[in-house]
Amino acid sequence: MTHLPHPLVSAHRLAARLEAGERFHLLDVRWALGQPSMHEAYLHAHLPGACWVEFEDALSDAVSDDGAGGRHPMPSLDRFQDAMRAAGVRNDVPVVVYDAANGLAAARCWWLLRYFGKLDVQVLDGGLAAWKQAGGALEGGDPTPTQRGDFIATPRHLTLVDADGAEELAARHLLVDARPADRFAGQNETIDPVAGHIPGAVSAPALANLDDDGRFLTADDLAMHLTRLGVRPGTKVGVYCGSGVQAMHAALALEASQIGVQPAVYVGSWSHWITDPERPIEV
């Protein structure tokens with residue numbers, strides 16, 4: 001059985017391991033929904049040696065006219081593999097992914113790397129903000145490697161579900177909605193054209209898994225929170241959100257809780273669910 005690293009690494013721990021000569025490949029995936037690319041911010045300052053990953057190009061396929069796949073469709077194997085190779089990802093070097101602070105973009109990259117077979121990957125807990133707070137070094141410019149990585153993507157190391165699978169999880173097991181609670185309730189919906197949630201789902205906002213500094217809660221606190229939702233060892237759990245970003249953040253929290261549950265992710269999420277008017281909606 002392959003030993004997986006803890007999904008999170010603290011800024012102090014990462015700095016110490018780098019100082020000790022351990023080799024990591026760092027990926028900067030800073031991104032914010034509806035905002036311009038943060039590549040300029042990356043060029044201004046990033047962790048030494050970190051390579052840039054453009055979220056919309058690497059971590060999502062193009063949005064289809066009919067909405068199939070949702071707002072951030074699952075990237076194809078070739079698209080994702082090519083993007084990771086361009087960023088220098090190698091099969092034999094562990095990866096640490098980070099974003100600005102809250103881990104949403106980093107969790108998406110972490111989950112996709114895991115899904116496509118890169119098992120030695122971690123998220124920098126608290127992102128760039130935590131690194132700065134810890135006094136970590138920064139550099140400017142673009143160190144993107146001239147030599148491509150050799151990462152070979154092999155799919156299905158984690159579980160995907162489609163709309164039917166999500167509906168079955170909600171009816172017979174546990175389906176977690178990782179969006180903010182008001183959007184789950186059908187209030188203040190400013191992103192998707194239809195408000196509400198999948199019938200039977202339970203609300204568990206992804207960002208509630210973080211403390212005030214944007215770091216994940218302790219494993220014990222995460223476990224207590226998730227247990228209250230009905231998560232137990234062996235429980236079949238699915239996660240979704242608006243377009244598969246907060247859902248993967250929730251999947252990261254589930255792994256960090258050490259409960260022993262690996263959730264299925266409905267990547268198309270709410271933005272895909274609502275493309276079929278026959279699918280039920282609850283508010």
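Scoring rules and cut-offs
- Residues numbered from 1 in each chain as written.
- Predicted model: local features only at pLDDT ≥ 70, side-chain atom pairs only at ≥ 80, totals over all residues.
- Heavy atoms only, no water.
- Helix = DSSP H or I, 4+ residues; strand = E, 2+ residues; numbered from the N terminus.
- Rg over C-alpha atoms; globule rule 2.2 N^0.38 Å.
- Buried < 20%, exposed > 50% of the residue type's maximum accessible area, 1.4 Å probe, protein only.
- Areas by Shrake-Rupley, 256 points an atom, 1.4 Å probe, with all protein chains shown as cover.
- Lys, Arg positive; Asp, Glu negative; His and termini not counted.
- Charge placed at Lys NZ, Arg CZ, Asp CG, Glu CD.
- Axes fitted to C-alpha atoms, helices over the stretch in contact; angles between N-to-C directions.
- Parallel < 35°, antiparallel > 145°, perpendicular 65-115°, else oblique.
- Contact = heavy atoms within 4.5 Å.
- Nonpolar A, V, L, I, M, F, W, Y, C, P; charged D, E, K, R; others polar.
- Salt bridge = Lys/Arg side-chain N within 4 Å of Asp/Glu carboxyl O.
- Pairing = 2+ DSSP bridges.
- Phe/Tyr/Trp six-rings, centres within 6.5 Å; stacked < 30°, edge-to-face > 60°.

Here's the deal with the overall build of the protein
Part 1 of the reasoning: Within the protein one finds 11 helices and 9 strands.
Part 2 of the reasoning: Whereas a compact globule of 283 residues would reach a radius of gyration of roughly 19 Å, the protein reaches 18 Å, a difference of no more than 12%.
Part 3 of the reasoning: Referenced to the eigenvectors of the C-alpha coordinate spread, the extents of the protein come out at roughly 55 × 40 × 40 Å.
Part 4 of the reasoning: Taking all 283 residues of the protein together, the buried fraction comes to 50%.
Part 5 of the reasoning: Surface exposure of the protein reaches about 12,500 Å², of which carbon and sulfur atoms provide 51%.
Part 6 of the reasoning: Treating the 22 positive side-chain charges of the protein as one cloud and the 36 negative ones as another, the clouds have centres 5 Å apart.

Observations regarding unusual backbone geometry
Part 1 of the reasoning: Although it is not a glycine, Gln258 sits at a positive phi angle of roughly 65 degrees.
Part 2 of the reasoning: Inspection of the secondary structure puts Gln258 in the loop between α10 (246-256) and β9 (264-265).
Part 3 of the reasoning: Backbone geometry at Ser269 places phi at a positive 55 degrees, although glycine is not the residue there.
Part 4 of the reasoning: Residue placement: Ser269 occurs in helix α11 (residues 269-273).
Part 5 of the reasoning: With relative accessibility at 0%, the residue Ser269 sits in the buried group.

Digging into the packing of helix α5 (residues 104-115) against α10
Part 1 of the reasoning: Look at α5 against α10: their axes get within 8 Å of each other, and the N-to-C directions meet at 75 degrees. In terms of orientation, α5 lies roughly perpendicular with respect to α10. On α10, the residues touching Leu104, Ala107, Arg108, Trp110, Trp111, Leu112 and Arg114 of α5 are Gln246, Met248, His249, Ala251, Leu252 and Glu255.
Part 2 of the reasoning: A per-class count over the contact of α5 with α10 returns 8 nonpolar, 2 polar and 3 charged.

Section: the environment of Ile198
Part 1 of the reasoning: The topology assignment puts Ile198 in the loop between α8 (181-184) and β7 (202-203).
Part 2 of the reasoning: On the basis of relative accessibility, which here comes to 0%, the residue Ile198 falls in the buried class.
Part 3 of the reasoning: The sequence separation of Ile198 and Trp270 amounts to 72 residues, and the corresponding C-alpha distance is 7.8 Å.
Part 4 of the reasoning: Beyond its immediate stretch of four places on either side in the chain, Ile198 contacts Ala166, Ala170, Leu175, Tyr240, Tyr266, Trp270 and Trp273.

Brief notes about the pattern of salt bridges
Part 1 of the reasoning: One pass over the structure, following the stated rule, counts 15 salt bridges.
Part 2 of the reasoning: Put simply, Asp28 and Arg30 hold a salt bridge, and the shortest N to O gap is 2.7 Å.
Part 3 of the reasoning: Using a relative accessible area of 6% as the deciding quantity, one classes Arg30 as buried.
Part 4 of the reasoning: A salt bridge links Arg90 to Asp150; its shortest N-O distance comes to 3.2 Å. A residue pair is termed long-range when its members are at least 10 positions apart, and Arg90 in the loop between α4 (77-86) and β4 (95-98) and Asp150 in the loop between α6 (127-133) and α7 (163-172) qualify at 60 residues.
Part 5 of the reasoning: Among the residues examined, Arg90 registers a relative accessible area of 25% and is labelled partly exposed.

As for the sheet that holds β9
Part 1 of the reasoning: Strand order in the open sheet formed by 4 strands is β7-β6-β8-β9, with parallel pairing between adjacent strands. Both edges of this open sheet fall to β7 and β9, since each of them pairs with a single strand only.
Part 2 of the reasoning: By the bridge criterion, 4 bridges tie strand β6 (residues 174-177) to strand β8 (residues 237-240) in an arrangement that is parallel. Residue pairing in the sheet places Leu174 in a bridge with Val237 of β8.
Part 3 of the reasoning: Its contacts with the sheet put α10 on β8 and β9, and the angle it makes with β8 is roughly 140 degrees.

Observations regarding the packing of aromatic side chains
Part 1 of the reasoning: In the structure shown here, the tally under the stated rule is 6 aromatic pairs.
Part 2 of the reasoning: Ring geometry for Tyr42 and Trp52: centres 5.3 Å apart, planes at 40 degrees, overall tilted. In this pair, Tyr42 sits in helix α2 (residues 39-44) while Trp52 sits in strand β3 (residues 51-52), placing the two residues 10 residues apart along the sequence.
Part 3 of the reasoning: We classify Tyr42 as buried; its relative accessible area is 0%.

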